[in-house]
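# Fold and geometry: a report
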Amino acid sequence: MFMGTPNFTEKAKRVLASAKREAMEFGHDYISTEHLILAMTQVSDSMAVMILTNLGVDITELRAEIEKGLSRGPMRKTYAQELPLSASARKAINNAIEESRKLGQDKVGTEHILLGILLEERSLSSQILENKFGITVSLVREEIKRLMAHGRSDDTLSTSIGFSFETPPKVEPPRRPR
């Protein structure tokens, strides 16, 4: 399914598992980038959610926009044990693996999945993130580097309160004019 044998953070694994549930809720027999984003919004203590929030995205609004763009399929009584990734989702995951390597990280985290989705420019998720919320690959990369400089990763964010006690100081990231 993926290039090589990537090591995912626990939160990234939760996103991948939740994406299947999101797909099933929409009656889909595949996992798309939209299901990945919807699943990501459910892992509130992840780097991806922290990055999006720091960049000014209202997570509830993001979820609503993604849901608006998805059509509902017929509900099924049973689904395959493993749902396949759409071509776009497969590219996004492979992009995420490559991004984690470029950043010198040994695990693929939710932040890398977010980058991978943004790099899959033809996906509805990428278009919504960029056109509706002004989120670009360069903004996300900058925020990842800023958070990494403060020792943040999916593995260091607390699961009990959403974020660790020592959240880095809020620095206004550059915003793209709308």
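Just so we're clear, the structure is a prediction, and the values are computed from it rather than from any experiment. All residue numbers refer to position in the chain's written sequence, counted from 1. With the structure being a predicted model, the display of local features is reserved for residues of pLDDT at least 70 and the display and counting of side-chain atom pairs for 80 or more, all residues being used for whole-chain, interface and lining totals. Values shown for side chains rest on all heavy atoms present in the structure; no hydrogens or waters enter the calculation.

### Focus on the packing of helix 2 (residues 33–42) against helix 6 (residues 110–119)
Note the cut-off: Each axis is a line fitted through C-alpha atoms, and for a helix only the stretch in contact is used; angles between axes span 0 to 180 degrees, taken between their N-to-C directions. Put simply, DSSP marks the helices as runs of H or I at least four residues long and the strands as runs of E at least two long, and each gets a number from the N terminus on. Left-handed is the label given to a crossing in which the near helix is rotated counterclockwise from the far helix by less than a right angle, and right-handed is the label when the rotation is clockwise. Residues are treated as being in contact if the distance between any of their heavy atoms lies within 4.5 Å.
Packing of helix 2 against helix 6 leaves a shortest axis separation of 11 Å and a crossing angle of 145°. Pair helix 2 / helix 6 crosses with left-handed handedness. Residues Thr33, Leu36, Ile37 and Met40 of helix 2 touch helix 6, and the partners they reach there are Thr110, Ile113, Leu114 and Ile117.

### Overview of the pattern of salt bridges
Short version of the rule: The term salt bridge refers to a side-chain nitrogen of Lys or Arg lying within 4 Å of a carboxyl oxygen of Asp or Glu. Only protein chains enter the accessibility calculation, which uses a 1.4 Å probe. A residue is then buried if its area is under 20% of the maximum for its type, exposed if over 50%, and partly exposed in between.
Under the counting rule described, the total for this entry stands at 11 salt bridges. Residue Lys11 pairs with Asp45 through a salt bridge whose shortest N-O separation is 3.7 Å. Residue Lys11 is found in helix 1 (residues 10–25), and its partner Asp45 is found in the loop between helix 2 and helix 3 (47–54); the two are separated by 34 residues along the sequence. On the accessibility criterion, Lys11 (4% relative accessible area) is buried. When the shortest N-O distance is used, the salt bridge between Arg63 and Glu67 registers 3.3 Å. One end of the pair is Arg63 and the other is Glu67, both in helix 4 (residues 59–69) and 4 residues apart, which spans about a single turn. Judged by its relative accessible area of 17%, Arg63 is buried. A single salt-bridge network, built from bridges that share partners, covers Lys11, Arg14 and Asp45.

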